[in-house]
Amino acid sequence: MFHKYLYLAGERFKNPHLQTHLDALMKSDKAPLEELEKIQLERLKKLLHHAKNNTNFYKERLKDIDIDTMRLEDLKKIPILTKTELKAHADDLRNAPPGESLIKAETSGTTGDVFLFNKNIHWDASFRAAQYRGYSWYGVEPWDKSLYFWGFKKNFKDRLKIRVLDFLLNRYRFFDYTNEEFERAAERIRQSTYIAGYSSSIHMMAEYFKKKGYTFDNIKMVKGTAEKVYDSYHKSVKEVFGHKITSEYGSAEAGVIAYECPEGNMHIVMENVIIEEIDNKIIVTNLWAYSLPFIRFELGDYVVLDNETQCACGRAHKIIKEVTGRIGRKVYGKEGVYSTININHTFKNLSFKHGIELAYSAKQYEKGKMVFDIIKDAQIDEDAARSKLISSAHEYFGDDLDVEVNFVNYSEGKSKKQKDFESFVEEDPA
Ligand SMILES: [Zn+2]
(Lines give C-alpha, C1' and ligand atoms only; values in the text may rest on other atoms or scores of the structure.)
Protein backbone atom coordinates (compact mmCIF):
# COMPACT_ATOMS: atom_id res chain seq x y z
CA MET A 1 0.00 0.00 0.00
CA PHE A 2 2.79 2.34 0.99
CA HIS A 3 4.43 1.85 -2.37
CA LYS A 4 1.19 2.43 -4.25
CA TYR A 5 0.79 5.90 -2.73
CA LEU A 6 4.43 6.75 -2.99
CA TYR A 7 4.31 5.71 -6.60
CA LEU A 8 1.13 7.62 -7.44
CA ALA A 9 2.44 10.76 -5.76
CA GLY A 10 5.69 10.46 -7.69
CA GLU A 11 4.08 9.91 -11.07
CA ARG A 12 1.54 12.71 -10.60
CA PHE A 13 4.34 15.00 -9.65
CA LYS A 14 6.30 13.98 -12.73
CA ASN A 15 3.43 13.94 -15.18
CA PRO A 16 -0.06 14.90 -14.09
CA HIS A 17 -1.57 13.63 -17.36
CA LEU A 18 -0.44 10.03 -17.04
CA GLN A 19 -3.58 8.82 -15.32
CA THR A 20 -5.86 10.47 -17.90
CA HIS A 21 -3.99 8.73 -20.69
CA LEU A 22 -4.04 5.40 -18.91
CA ASP A 23 -7.79 5.65 -18.23
CA ALA A 24 -8.44 6.41 -21.91
CA LEU A 25 -6.26 3.51 -23.07
CA MET A 26 -8.01 1.11 -20.69
CA LYS A 27 -11.35 2.26 -22.05
CA SER A 28 -10.41 1.50 -25.66
CA ASP A 29 -8.48 -1.68 -24.79
CA LYS A 30 -11.16 -3.95 -26.23
CA ALA A 31 -12.66 -1.45 -28.69
CA PRO A 32 -13.50 -2.67 -32.20
CA LEU A 33 -11.14 -1.76 -35.04
CA GLU A 34 -13.51 0.88 -36.48
CA GLU A 35 -13.53 2.72 -33.18
CA LEU A 36 -9.74 2.61 -32.92
CA GLU A 37 -9.44 3.98 -36.44
CA LYS A 38 -11.90 6.72 -35.61
CA ILE A 39 -9.71 7.73 -32.66
CA GLN A 40 -6.67 7.67 -34.97
CA LEU A 41 -8.27 9.89 -37.57
CA GLU A 42 -9.40 12.47 -35.02
CA ARG A 43 -5.95 12.64 -33.42
CA LEU A 44 -4.22 12.69 -36.79
CA LYS A 45 -6.24 15.72 -37.93
CA LYS A 46 -5.35 17.61 -34.74
CA LEU A 47 -1.69 16.76 -35.17
CA LEU A 48 -1.62 17.81 -38.82
CA HIS A 49 -3.28 21.14 -38.03
CA HIS A 50 -0.75 21.75 -35.29
CA ALA A 51 2.21 20.83 -37.51
CA LYS A 52 0.94 22.96 -40.39
CA ASN A 53 0.31 25.98 -38.16
CA ASN A 54 3.56 25.80 -36.20
CA THR A 55 6.30 24.72 -38.59
CA ASN A 56 7.39 25.98 -41.99
CA PHE A 57 8.31 22.46 -43.02
CA TYR A 58 4.77 21.12 -42.66
CA LYS A 59 3.18 24.35 -43.81
CA GLU A 60 4.80 23.56 -47.14
CA ARG A 61 4.48 19.78 -47.03
CA LEU A 62 0.78 19.76 -46.10
CA LYS A 63 -0.32 22.62 -48.31
CA ASP A 64 -2.33 20.37 -50.67
CA ILE A 65 -3.93 18.25 -47.95
CA ASP A 66 -7.47 19.16 -46.94
CA ILE A 67 -7.11 18.08 -43.34
CA ASP A 68 -10.74 18.52 -42.29
CA THR A 69 -12.20 16.21 -44.92
CA MET A 70 -9.38 13.68 -45.12
CA ARG A 71 -9.68 9.96 -44.40
CA LEU A 72 -7.03 7.72 -42.84
CA GLU A 73 -6.02 6.44 -46.28
CA ASP A 74 -5.13 10.00 -47.31
CA LEU A 75 -2.18 9.87 -44.93
CA LYS A 76 -0.35 8.11 -47.77
CA LYS A 77 -0.42 11.34 -49.80
CA ILE A 78 2.08 12.87 -47.38
CA PRO A 79 5.70 12.02 -48.27
CA ILE A 80 7.72 9.78 -45.98
CA LEU A 81 10.01 11.61 -43.56
CA THR A 82 13.55 10.26 -43.37
CA LYS A 83 15.97 10.55 -40.45
CA THR A 84 18.18 12.84 -42.52
CA GLU A 85 15.24 15.16 -43.24
CA LEU A 86 14.18 15.14 -39.61
CA LYS A 87 17.65 16.23 -38.54
CA ALA A 88 18.02 18.81 -41.29
CA HIS A 89 14.72 20.48 -40.37
CA ALA A 90 14.89 19.91 -36.61
CA ASP A 91 15.25 23.61 -35.76
CA ASP A 92 12.11 24.45 -37.69
CA LEU A 93 10.21 21.40 -36.43
CA ARG A 94 10.88 22.00 -32.73
CA ASN A 95 8.06 24.06 -31.28
CA ALA A 96 6.35 24.62 -27.95
CA PRO A 97 2.70 23.51 -28.06
CA PRO A 98 0.58 26.04 -26.13
CA GLY A 99 -0.38 25.00 -22.62
CA GLU A 100 2.03 22.08 -22.48
CA SER A 101 5.25 21.79 -20.55
CA LEU A 102 8.24 20.06 -22.12
CA ILE A 103 10.48 17.21 -21.03
CA LYS A 104 14.02 16.73 -22.31
CA ALA A 105 14.69 13.60 -24.38
CA GLU A 106 17.35 12.22 -26.67
CA THR A 107 17.90 9.45 -29.13
CA SER A 108 21.19 7.84 -29.87
CA GLY A 109 21.63 6.51 -33.35
CA THR A 110 23.57 3.42 -34.37
CA THR A 111 26.56 5.58 -35.24
CA GLY A 112 26.56 7.12 -31.79
CA ASP A 113 25.23 10.53 -32.80
CA VAL A 114 22.86 11.93 -30.24
CA PHE A 115 19.76 13.84 -31.23
CA LEU A 116 18.24 16.08 -28.58
CA PHE A 117 14.60 17.08 -28.54
CA ASN A 118 11.81 18.04 -26.16
CA LYS A 119 8.73 15.97 -25.58
CA ASN A 120 5.46 17.73 -24.87
CA ILE A 121 3.91 16.42 -21.69
CA HIS A 122 1.14 14.44 -23.45
CA TRP A 123 3.70 12.70 -25.63
CA ASP A 124 5.52 11.56 -22.49
CA ALA A 125 2.29 10.54 -20.73
CA SER A 126 1.01 8.55 -23.71
CA PHE A 127 4.26 6.62 -23.84
CA ARG A 128 4.18 5.49 -20.22
CA ALA A 129 0.44 4.89 -20.23
CA ALA A 130 0.89 2.47 -23.15
CA GLN A 131 3.47 0.61 -21.13
CA TYR A 132 1.22 0.39 -18.08
CA ARG A 133 -1.71 -0.83 -20.15
CA GLY A 134 0.58 -3.62 -21.36
CA TYR A 135 1.41 -4.44 -17.73
CA SER A 136 -2.30 -4.64 -16.90
CA TRP A 137 -2.70 -7.48 -19.43
CA TYR A 138 -0.58 -9.54 -17.05
CA GLY A 139 -2.26 -8.37 -13.85
CA VAL A 140 0.72 -6.17 -13.00
CA GLU A 141 0.24 -2.75 -11.39
CA PRO A 142 2.90 -0.10 -12.06
CA TRP A 143 3.75 0.12 -8.34
CA ASP A 144 4.22 -3.62 -7.91
CA LYS A 145 7.64 -4.72 -6.74
CA SER A 146 9.98 -5.46 -9.61
CA LEU A 147 13.53 -6.37 -10.51
CA TYR A 148 15.44 -4.75 -13.32
CA PHE A 149 18.31 -6.44 -15.07
CA TRP A 150 20.20 -3.77 -16.89
CA GLY A 151 23.28 -4.34 -18.94
CA PHE A 152 25.47 -1.37 -18.20
CA LYS A 153 27.78 -0.86 -15.32
CA LYS A 154 27.77 2.57 -13.78
CA ASN A 155 30.06 4.32 -11.40
CA PHE A 156 29.16 4.48 -7.72
CA LYS A 157 27.61 7.96 -7.85
CA ASP A 158 25.36 7.09 -10.79
CA ARG A 159 24.38 3.84 -9.15
CA LEU A 160 23.42 5.63 -5.98
CA LYS A 161 21.24 8.08 -7.91
CA ILE A 162 19.55 5.20 -9.72
CA ARG A 163 19.03 3.33 -6.44
CA VAL A 164 17.10 6.28 -5.01
CA LEU A 165 14.95 6.58 -8.13
CA ASP A 166 14.39 2.84 -8.11
CA PHE A 167 13.32 2.91 -4.49
CA LEU A 168 10.59 5.41 -5.36
CA LEU A 169 9.45 3.13 -8.19
CA ASN A 170 9.63 0.05 -5.96
CA ARG A 171 12.18 -1.73 -8.05
CA TYR A 172 15.66 -3.08 -7.54
CA ARG A 173 18.17 -3.11 -10.30
CA PHE A 174 21.02 -5.51 -10.91
CA PHE A 175 24.22 -4.38 -12.56
CA ASP A 176 26.41 -7.42 -12.07
CA TYR A 177 25.86 -10.87 -13.44
CA THR A 178 27.74 -13.27 -11.20
CA ASN A 179 26.47 -16.38 -9.45
CA GLU A 180 26.52 -14.56 -6.10
CA GLU A 181 24.39 -11.80 -7.58
CA PHE A 182 21.98 -14.38 -9.01
CA GLU A 183 21.63 -15.93 -5.54
CA ARG A 184 20.78 -12.51 -4.15
CA ALA A 185 18.42 -11.96 -7.07
CA ALA A 186 16.60 -15.22 -6.26
CA GLU A 187 15.66 -13.88 -2.82
CA ARG A 188 14.40 -10.63 -4.28
CA ILE A 189 12.50 -12.37 -7.05
CA ARG A 190 10.50 -14.30 -4.46
CA GLN A 191 9.17 -10.94 -3.22
CA SER A 192 8.60 -9.42 -6.66
CA THR A 193 5.69 -9.37 -9.07
CA TYR A 194 7.54 -8.89 -12.33
CA ILE A 195 10.99 -8.88 -13.87
CA ALA A 196 12.23 -6.66 -16.67
CA GLY A 197 15.46 -5.95 -18.48
CA TYR A 198 17.81 -7.14 -21.17
CA SER A 199 16.56 -10.48 -22.40
CA SER A 200 20.08 -11.95 -22.57
CA SER A 201 20.60 -11.14 -18.87
CA ILE A 202 17.24 -12.63 -17.92
CA HIS A 203 18.00 -15.73 -19.93
CA MET A 204 21.45 -16.08 -18.40
CA MET A 205 19.91 -15.90 -14.95
CA ALA A 206 17.18 -18.41 -15.86
CA GLU A 207 19.82 -20.86 -17.03
CA TYR A 208 21.56 -20.54 -13.67
CA PHE A 209 18.32 -21.05 -11.72
CA LYS A 210 17.44 -24.04 -13.87
CA LYS A 211 20.72 -25.71 -12.99
CA LYS A 212 20.00 -25.00 -9.34
CA GLY A 213 16.46 -26.35 -9.62
CA TYR A 214 14.86 -23.04 -8.56
CA THR A 215 11.37 -22.16 -9.75
CA PHE A 216 9.25 -19.09 -8.98
CA ASP A 217 5.47 -19.16 -9.08
CA ASN A 218 4.93 -15.56 -7.92
CA ILE A 219 6.12 -13.83 -11.10
CA LYS A 220 3.34 -12.48 -13.33
CA MET A 221 5.38 -11.01 -16.18
CA VAL A 222 8.90 -11.25 -17.57
CA LYS A 223 9.52 -8.31 -19.87
CA GLY A 224 12.43 -8.11 -22.29
CA THR A 225 13.55 -4.70 -23.51
CA ALA A 226 16.23 -3.14 -25.69
CA GLU A 227 17.48 -6.39 -27.18
CA LYS A 228 16.20 -8.93 -29.63
CA VAL A 229 14.35 -11.71 -27.79
CA TYR A 230 15.55 -14.97 -29.31
CA ASP A 231 13.14 -17.91 -29.44
CA SER A 232 15.74 -20.05 -27.70
CA TYR A 233 15.51 -17.82 -24.61
CA HIS A 234 11.92 -18.73 -23.87
CA LYS A 235 12.37 -22.34 -22.81
CA SER A 236 14.41 -21.94 -19.64
CA VAL A 237 12.70 -18.65 -18.76
CA LYS A 238 9.31 -20.37 -18.95
CA GLU A 239 10.51 -23.35 -16.93
CA VAL A 240 11.83 -21.15 -14.16
CA PHE A 241 9.33 -18.29 -14.06
CA GLY A 242 6.25 -19.86 -15.64
CA HIS A 243 6.15 -17.27 -18.45
CA LYS A 244 7.98 -16.71 -21.68
CA ILE A 245 9.63 -13.32 -22.23
CA THR A 246 7.11 -10.64 -23.18
CA SER A 247 8.27 -8.18 -25.82
CA GLU A 248 7.80 -4.44 -25.87
CA TYR A 249 8.63 -2.73 -29.14
CA GLY A 250 9.32 0.96 -29.42
CA SER A 251 11.89 3.71 -29.68
CA ALA A 252 12.80 6.94 -27.98
CA GLU A 253 10.99 8.98 -30.66
CA ALA A 254 7.93 6.82 -31.10
CA GLY A 255 7.43 5.56 -27.55
CA VAL A 256 5.81 2.16 -27.10
CA ILE A 257 4.70 1.09 -30.56
CA ALA A 258 3.51 -2.39 -29.68
CA TYR A 259 3.14 -4.58 -26.61
CA GLU A 260 2.87 -8.35 -26.59
CA CYS A 261 -0.36 -9.79 -25.18
CA PRO A 262 -0.56 -13.05 -23.21
CA GLU A 263 -1.53 -14.83 -26.46
CA GLY A 264 1.87 -13.90 -27.85
CA ASN A 265 0.81 -11.22 -30.36
CA MET A 266 2.45 -7.78 -30.45
CA HIS A 267 -0.49 -5.38 -30.56
CA ILE A 268 0.12 -1.92 -31.98
CA VAL A 269 -0.86 0.89 -29.60
CA MET A 270 -3.20 2.25 -32.27
CA GLU A 271 -4.48 5.05 -30.02
CA ASN A 272 -0.97 6.56 -29.95
CA VAL A 273 0.62 5.67 -33.27
CA ILE A 274 -0.28 4.96 -36.88
CA ILE A 275 1.93 2.24 -38.30
CA GLU A 276 2.43 1.44 -41.97
CA GLU A 277 4.65 -1.14 -43.62
CA ILE A 278 6.20 -0.07 -46.91
CA ASP A 279 8.74 -2.36 -48.58
CA ASN A 280 9.04 -4.11 -45.21
CA LYS A 281 10.04 -0.83 -43.57
CA ILE A 282 8.11 0.50 -40.60
CA ILE A 283 6.65 3.99 -41.05
CA VAL A 284 5.51 5.69 -37.84
CA THR A 285 3.24 8.62 -37.15
CA ASN A 286 3.19 9.47 -33.45
CA LEU A 287 -0.18 11.07 -32.75
CA TRP A 288 1.00 12.83 -29.57
CA ALA A 289 4.33 14.22 -30.78
CA TYR A 290 3.52 17.91 -31.13
CA SER A 291 6.77 19.49 -29.95
CA LEU A 292 8.64 17.69 -32.75
CA PRO A 293 6.04 16.45 -35.21
CA PHE A 294 7.12 13.44 -37.21
CA ILE A 295 4.55 12.30 -39.67
CA ARG A 296 5.18 9.14 -41.69
CA PHE A 297 8.65 8.80 -40.17
CA GLU A 298 10.94 6.04 -41.38
CA LEU A 299 12.09 4.68 -38.07
CA GLY A 300 14.80 2.38 -39.38
CA ASP A 301 13.49 -1.12 -38.68
CA TYR A 302 12.29 -3.82 -41.01
CA VAL A 303 9.00 -5.29 -39.86
CA VAL A 304 6.25 -7.64 -40.96
CA LEU A 305 2.70 -6.58 -40.12
CA ASP A 306 -0.16 -9.02 -39.68
CA ASN A 307 -3.52 -7.55 -40.65
CA GLU A 308 -5.37 -10.87 -40.73
CA THR A 309 -5.11 -12.47 -37.30
CA GLN A 310 -8.02 -12.02 -34.92
CA CYS A 311 -6.24 -12.43 -31.61
CA ALA A 312 -7.81 -14.75 -29.05
CA CYS A 313 -7.17 -12.13 -26.36
CA GLY A 314 -10.05 -10.14 -27.81
CA ARG A 315 -8.08 -7.02 -28.77
CA ALA A 316 -8.69 -5.64 -32.26
CA HIS A 317 -5.42 -3.68 -32.31
CA LYS A 318 -3.37 -4.61 -35.36
CA ILE A 319 -0.37 -6.86 -34.92
CA ILE A 320 3.35 -6.58 -35.68
CA LYS A 321 4.26 -10.12 -36.57
CA GLU A 322 7.98 -9.60 -36.49
CA VAL A 323 10.73 -7.02 -36.28
CA THR A 324 13.25 -8.47 -38.69
CA GLY A 325 16.19 -6.10 -38.48
CA ARG A 326 17.69 -2.64 -38.65
CA ILE A 327 17.76 -0.76 -41.92
CA GLY A 328 21.06 0.57 -43.13
CA ARG A 329 23.35 -2.08 -41.81
CA LYS A 330 24.64 -4.22 -44.61
CA VAL A 331 26.24 -7.59 -44.92
CA TYR A 332 29.11 -7.59 -47.40
CA GLY A 333 29.75 -10.73 -49.43
CA LYS A 334 32.81 -11.27 -51.56
CA GLU A 335 30.85 -9.77 -54.47
CA GLY A 336 27.39 -8.74 -53.39
CA VAL A 337 25.77 -6.67 -50.63
CA TYR A 338 22.92 -8.13 -48.57
CA SER A 339 20.27 -6.93 -46.18
CA THR A 340 20.55 -8.02 -42.56
CA ILE A 341 17.15 -9.64 -43.07
CA ASN A 342 19.11 -12.51 -44.61
CA ILE A 343 20.71 -13.24 -41.24
CA ASN A 344 17.30 -13.34 -39.66
CA HIS A 345 16.06 -15.69 -42.40
CA THR A 346 19.09 -17.95 -41.95
CA PHE A 347 18.20 -18.57 -38.30
CA LYS A 348 14.43 -18.74 -38.87
CA ASN A 349 15.02 -21.35 -41.54
CA LEU A 350 17.22 -23.35 -39.18
CA SER A 351 14.51 -23.31 -36.55
CA PHE A 352 11.71 -24.07 -38.99
CA LYS A 353 13.43 -26.90 -40.88
CA HIS A 354 15.51 -28.50 -38.17
CA GLY A 355 13.95 -27.29 -34.93
CA ILE A 356 17.27 -25.76 -33.88
CA GLU A 357 16.82 -22.47 -32.02
CA LEU A 358 19.98 -20.48 -31.38
CA ALA A 359 20.75 -17.20 -29.65
CA TYR A 360 23.34 -15.55 -31.84
CA SER A 361 25.48 -12.55 -32.33
CA ALA A 362 26.62 -12.08 -35.91
CA LYS A 363 29.83 -10.18 -36.49
CA GLN A 364 31.47 -9.09 -39.67
CA TYR A 365 35.14 -8.10 -39.47
CA GLU A 366 35.94 -8.42 -43.18
CA LYS A 367 34.04 -8.57 -46.43
CA GLY A 368 32.99 -12.03 -47.57
CA LYS A 369 33.16 -13.49 -44.08
CA MET A 370 30.72 -13.75 -41.20
CA VAL A 371 31.34 -14.92 -37.66
CA PHE A 372 28.36 -16.31 -35.78
CA ASP A 373 28.86 -16.43 -32.02
CA ILE A 374 26.26 -18.81 -30.64
CA ILE A 375 25.41 -18.87 -26.96
CA LYS A 376 26.26 -22.30 -25.54
CA ASP A 377 23.29 -24.42 -24.55
CA ALA A 378 23.53 -27.92 -23.06
CA GLN A 379 20.58 -29.03 -25.24
CA ILE A 380 22.38 -28.31 -28.50
CA ASP A 381 24.49 -30.78 -30.43
CA GLU A 382 27.14 -28.30 -31.52
CA ASP A 383 28.54 -30.20 -34.50
CA ALA A 384 25.12 -30.82 -36.00
CA ALA A 385 24.01 -27.25 -35.33
CA ARG A 386 27.19 -25.87 -36.90
CA SER A 387 26.85 -27.79 -40.15
CA LYS A 388 23.12 -27.06 -40.49
CA LEU A 389 23.69 -23.38 -39.75
CA ILE A 390 26.37 -23.18 -42.43
CA SER A 391 24.09 -24.82 -45.00
CA SER A 392 21.20 -22.56 -43.99
CA ALA A 393 23.41 -19.47 -44.46
CA HIS A 394 24.37 -20.88 -47.85
CA GLU A 395 20.72 -20.71 -48.91
CA TYR A 396 20.67 -16.95 -48.34
CA PHE A 397 24.21 -15.92 -49.21
CA GLY A 398 25.34 -18.68 -51.60
CA ASP A 399 29.09 -19.04 -51.99
CA ASP A 400 29.49 -15.32 -51.48
CA LEU A 401 29.94 -15.54 -47.72
CA ASP A 402 32.26 -17.76 -45.68
CA VAL A 403 30.78 -18.61 -42.32
CA GLU A 404 32.57 -19.30 -39.05
CA VAL A 405 30.53 -20.67 -36.15
CA ASN A 406 31.72 -20.38 -32.53
CA PHE A 407 29.92 -21.55 -29.43
CA VAL A 408 30.55 -19.08 -26.62
CA ASN A 409 29.60 -18.51 -23.00
CA TYR A 410 27.96 -15.31 -21.92
CA SER A 411 30.69 -12.95 -20.89
CA GLU A 412 31.22 -13.64 -17.23
CA GLY A 413 30.81 -10.92 -14.66
CA LYS A 414 29.73 -8.16 -16.94
CA SER A 415 26.99 -8.00 -19.46
CA LYS A 416 26.77 -5.43 -22.17
CA LYS A 417 23.93 -5.08 -24.55
CA GLN A 418 23.81 -8.14 -26.75
CA LYS A 419 23.68 -7.16 -30.41
CA ASP A 420 22.28 -9.44 -33.10
CA PHE A 421 24.57 -7.95 -35.74
CA GLU A 422 27.71 -5.87 -35.55
CA SER A 423 29.79 -4.80 -38.50
CA PHE A 424 33.35 -3.59 -38.36
CA VAL A 425 33.60 -3.32 -42.12
CA GLU A 426 33.89 0.11 -43.66
CA GLU A 427 30.74 0.84 -45.61
CA ASP A 428 30.86 1.46 -49.32
CA PRO A 429 29.61 4.92 -50.21
CA ALA A 430 25.88 4.80 -51.02
ZN1 LIG B 1 -3.77 -10.46 -28.32
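Refer to the structure above for everything that follows.
Worth saying up front: this structure is predicted, and the values here are computed from it rather than measured. (Residues numbered from 1 in each chain as written. Predicted model: local features only at pLDDT ≥ 70, side-chain atom pairs only at ≥ 80, totals over all residues. Heavy atoms only, no water.)

Student: In this structure, what is going on with the side chain of T193? I would like to understand it.
Tutor: Mapping T193 onto the fold places it in the loop between α9 (179-189) and β5 (194-198). Of the residues examined, T193 reaches a relative accessible area of 14% and is grouped as buried. (Helix = DSSP H or I, 4+ residues; strand = E, 2+ residues; numbered from the N terminus. Buried < 20%, exposed > 50% of the residue type's maximum accessible area, 1.4 Å probe, protein only.)

Student: Before we go on, may I ask you to explain the packing of helix α10 (residues 199-212) against helix α11 (residues 234-241) in this structure?
Tutor: Two quantities define a packed helix pair, namely the angle between the helix axes and the distance between the axes. For the pair α10 and α11, interaxial distance at closest approach is 8 Å and the crossing angle is 60 degrees. Classified by the interaxial angle, the pair formed by α10 and α11 is oblique. The crossing of α10 and α11 is left-handed. Residue-level inspection shows I202, H203, M205, A206, E207, F209 and K210 of α10 in contact with α11, the latter providing S236, V237, E239, V240 and F241. Residues belonging to the contact of α10 with α11 are distributed by class as follows: 7 nonpolar, 2 polar and 3 charged. (Axes fitted to C-alpha atoms, helices over the stretch in contact; angles between N-to-C directions. Parallel < 35°, antiparallel > 145°, perpendicular 65-115°, else oblique. Left-handed = near helix turned anticlockwise from the far one by under 90°. Contact = heavy atoms within 4.5 Å. Nonpolar A, V, L, I, M, F, W, Y, C, P; charged D, E, K, R; others polar.)

Student: What is the right way to look at the environment of W137 in this model?
Tutor: Structurally, the position occupied by W137 is in the loop between α7 (121-136) and β3 (146-149). Overall, W137 belongs to the buried group, its relative accessible area being 12%. Placed 122 residues apart in sequence, W137 and Y259 show a C-alpha to C-alpha distance of 9.7 Å. The residues touching W137, leaving out its near neighbours within four places in the chain, are D29, Y259, E260, C261, P262, H267 and R315. For W137, the side chain forms a polar contact with the side chain of D29, separated by 3.2 Å. (Polar contact = N/O pair within 3.5 Å; in protein donor to acceptor, adjacent residues only side chain to side chain.)

Student: Explanation requested: the pattern of salt bridges in the structure shown.
Tutor: A pair can form between side chains of opposite charge whenever their charged atoms are brought close. A full pass over the atoms with the stated rule returns 27 salt bridges. Between K212 and E183 there is a salt bridge whose closest N-O contact spans 3.7 Å. Of the two residues, K212 is situated in helix α10 and E183 in helix α9; the sequence distance between them amounts to 29 residues. On the basis of relative accessible area, K212 is assigned to the partly exposed category, the value being 45%. In this structure, K223 engages E248 in a salt bridge whose closest nitrogen and oxygen atoms are separated by 2.9 Å. One end of the pair, K223, is in strand β6 (residues 221-225); the other, E248, is in strand β7 (residues 246-251), with 25 residues separating them in the sequence. Note on accessibility: K223 and E248 belong to one class, buried. (Salt bridge = Lys/Arg side-chain N within 4 Å of Asp/Glu carboxyl O.)

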